[in-house]
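# Report on the structure
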Amino acid sequence: MARFVALVLALAQAAAALALPLDARSSSPKLVFAHHIVGNTFTYTQDTWTNDILLAASKGIDAFALNIGPDSWELGQVSSAFAAAESLSANTTFKLFISFDMSVFPCSQASHASTIQQYIQQFAGHPNQLQVSGRPFVSTFSGESCTFGTGSVNQGWTNVVRTSGLNAYFVPSFFVDPATFGSYPVADGVFGWNSGWPTGNFNITFDPDQSYIANLGGRAYMAAASAWFFTHYSPQTFDKNFIYRGDDWLLAQRWEALIAHRDAVDFVEVNTWNDYGESHYVGPIEGVQPASQAWVDGFDHTAWLDLIAHYITAFKTGAPAPITRDRTFLWARLAPANANAPADTVGRPANWQWTSDALWAIIQLTSPATVTLTCGPSALTAPLPAGTSKLRLALVAECDVASSVTRGGQSVAFKPEGMHFSTAPAAYNFNAFVVASP
Ligand SMILES: *[C@@H]1O[C@H](CO)[C@@H](O)[C@H](O)[C@H]1NC(C)=O
Ligand SMILES: *[C@@H]1O[C@H](CO)[C@@H](O)[C@H](O)[C@H]1NC(C)=O
């Protein structure tokens, strides 16, 4: 029953980086959202939504983008999410908006427009519906082929979001060449879904964002931010088994770029809160998994959420978040990329050659200290300044990860339970094991 987002394969990010000046939008609201797959919430109660909302709000996230498909039960969960947000009005201003998953909603006929429009209208006036410029915010995954029975995609979406008294603030993630954005005046902004990962064997850059921004004609830009990508479905199930490159502290590199270019970025959507199937969840593991237990169970990612909170503050304010205590964030794939796991018939994921065997560390220090990272024969010791630093430790043999922070003769060790690198894994699990010191 659980549905998952079929990630559109990397569209050719054809448009060469345009060296045009970026529009300064320093007056824009700088909001941060998290993509929440309602298809994975079948077992949620209103309390589960309450907990998710309080956790997200505590990290600086302003709203959930509620990714929905056409299954009728999802409407009940969307209502439950809105009820939870409303019941927390004394505690948080947290908002919600719908992100229609157009990889699964039909959208070729006029009648399909009214289905989606009714959905928007049901929540448009809710006190917890995100409003931008006084208009209800609506987003999509895909939808660039939807005509809703009209002669064009632009007219089709216009019929959905600009009729019957509705005037939504529409920010779709159309997978199209940015040079064609002028053909979609219905969009008040565009969401660059694939901007959150490097789609080849290289570090992430801001170039794809730049080509989006340069083609928006002053409309809003919504960037994606992610930390990881691994999906592992056999041809008999969802038939997708690949990684995107998360090496070199993808999460940190991405947020550093968004902070550096914050004048040109209006909104950031964290991909994702709960997409277990693609391993880029940062919320707790709960609800219903889309048959992803083999690579998700035991791989909590909420330490990333704590780290993201720092970057969100810097993105919103332009100043780094204060560091009030030493903290070590560590993540790694727990087996060599080229290890054999013959019992796992799904096979090694495509693009496995793009990733190196390493422990990725982000160290936050209140004042200078000496930090060590060790795993079996690999070890490094680094004197680090106050603030945020990155360290990389090669993983070369069966080992357990450990770290320490030493200052003034006092050493605090951190030995994360279960962070064991195995050269003989039982399965091709390329998910990240993520921890943070207390
Ligand atoms: C929300 O705020 C109310 C009023 O201040 C308080 O009584 C309640 O405990 C808070 N609830 C949560 C979940 O923090
Ligand atoms: C990615 O960036 C890091 C520095 O942050 C650099 O050391 C590394 O060589 C780069 N990797 C690739 C594949 O470009």
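How each quantity is defined
The written sequence of each chain sets the order in which its residues are numbered from 1. Each chain takes a letter, starting from A, and each ligand takes a number, starting from 1, following the order in which they are written. The predicted nature of this model means local features are confined to residues of pLDDT at least 70 and side-chain atom pairs, given and counted, to a pLDDT of 80 or more, with totals for whole chains, interfaces and linings taken over all residues. Values reported for side chains reflect all heavy atoms of the structure, with hydrogen atoms and water molecules removed beforehand. Domain boundaries shown here were taken from an automatic or database domain assignment. We call two residues in contact whenever any of their non-hydrogen atoms come within 4.5 Å of each other. A quick way to say it: buried area is the sum, across both parts, of accessible area lost when two parts are put together, with a 1.4 Å probe. Take a side-chain nitrogen of Lys or Arg and a carboxyl oxygen of Asp or Glu: if they are within 4 Å of each other, that pair is a salt bridge. Definition of a polar contact: a pair of N or O atoms within 3.5 Å, with one able to donate and the other able to accept a hydrogen when the atoms are protein atoms, and with sequence-neighbouring residues admitted only if both atoms are side-chain atoms. Secondary structure counts use DSSP, requiring at least four H or I residues in a row for a helix and at least two E residues in a row for a strand, with both numbered from the N terminus. Cysteine sulfur atoms that pair up within 2.5 Å are treated as a disulfide. Partly exposed residues are those whose accessible area sits between 20% and 50% of the maximum for their type, while under 20% is buried and over 50% is exposed, using a 1.4 Å probe and protein chains only. Here a helix's expected span is defined as the number of its residues, less one, multiplied by 1.5 Å.

Under the domain assignment used here, the chain contains domain 1 (2–317) and domain 2 (327–436). Placing the centre of domain 1 and that of domain 2 at their C-alpha centroids yields a distance of 29 Å. Opposite the 32 residues of domain 1 that make contact, domain 2 presents 32 residues. Here domain 1 meets domain 2 over a buried area of about 2,800 Å², counting both sides, of which 62% is carbon and sulfur. The largest share of the area that domain 1 buries against domain 2 comes from Ile243, Trp249 and Phe299, three residues that together contribute 25% of it. Counting the contacts that link domain 1 with domain 2 gives two salt bridges. With its nearest N and O atoms 2.8 Å apart, the salt bridge here joins Asp306 to Arg327. Run the count over domain 1 and domain 2 and you get 19 residue pairs in polar contact (both at pLDDT 80 or more). Taken together, the elements giving at least two residues each to the side of domain 1 that touches domain 2 come down to strand S9 (230–233), strand S10 (240–243), helix H6 (250–260), helix H7 (293–296) and helix H8 (302–317). The dominant element in the side of domain 1 that touches domain 2, judged by the number of residues it contributes, is H8, at six residues.

Turning to the state of the cysteines, a few remarks are in order. The final tally for this structure, using the stated rule, is two disulfides. Between the sulfur of Cys107 and that of Cys146 lies a disulfide, 2.2 Å long from S to S. Between Cys107 and Cys146, the S-S dihedral sits near -70°, and the bridge is therefore left-handed. Of this pair, Cys107 sits in the loop between strand S3 (95–101) and helix H3 (110–124) while Cys146 sits in the loop between strand S5 (135–141) and helix H4 (153–161), placing them 39 residues apart in sequence. The class for Cys107 is buried, based on a relative accessible area of 13%. What makes Cys146 buried here is its relative accessible area of 1%. The disulfide that involves Cys375 links it to Cys399, with 2.0 Å between the sulfurs. Residues Cys375 and Cys399 are joined by a disulfide whose S-S torsion is about 90°; by sign, that bridge is right-handed. Placement of Cys375 in strand S14 (residues 369–375) and of Cys399 in strand S17 (residues 399–407) is noted, with a sequence separation of 24 residues between them. With relative accessibility at 1%, the residue Cys375 sits in the buried group. We classify Cys399 as buried; its relative accessible area is 4%.

A separate point is the pattern of salt bridges. Counting across every chain of the model gives 11 salt bridges. In this structure, Arg162 and Asp188 form a salt bridge, with 3.1 Å as the shortest nitrogen-oxygen distance. Pair noted here: Arg162 is in the loop between H4 and strand S6 (169–171) and Asp188 is in the loop between S6 and strand S7 (189–192), with a separation of 26 residues, a long-range link. Taking the shortest distance from any N to any O, the salt bridge between Asp357 and Arg333 comes out at 3.0 Å. Taken together, the residues span a long stretch of sequence, with Asp357 in the loop between strand S12 (327–333) and strand S13 (358–365) and Arg333 in strand S12 at a distance of 24 residues. A relative accessible area of 23% means that Asp357 is categorised as partly exposed.

This next bit is on helix H1 (residues 46–58). Counted at 1.5 Å a residue, the expected span for H1 with its 13 residues is 18 Å, and the 18 Å between its end C-alpha atoms agrees. Considered for burial, the residues of H1 that qualify are Thr48, Trp49, Thr50, Asp52, Ile53 and Ala56. Turning to H1, the residues buried within the fold contact strand S1 (31–37), strand S2 (63–68) and helix H2 (73–87). Positive phi appears at Gly60, one or two residues downstream of H1, with a value of about 95°.

Further remarks concern unusual backbone geometry. Residue Thr272 is bonded to the preceding Asn271 through a cis peptide linkage, with omega at 5°. In the Ramachandran plot, Trp249 falls in the positive-phi region, its phi being about 55° despite a non-glycine side chain. Position of Trp249 among the secondary structure elements: in the loop between S10 and H6. Unlike most non-glycine residues, Ala291 shows phi in positive territory, near 55°.

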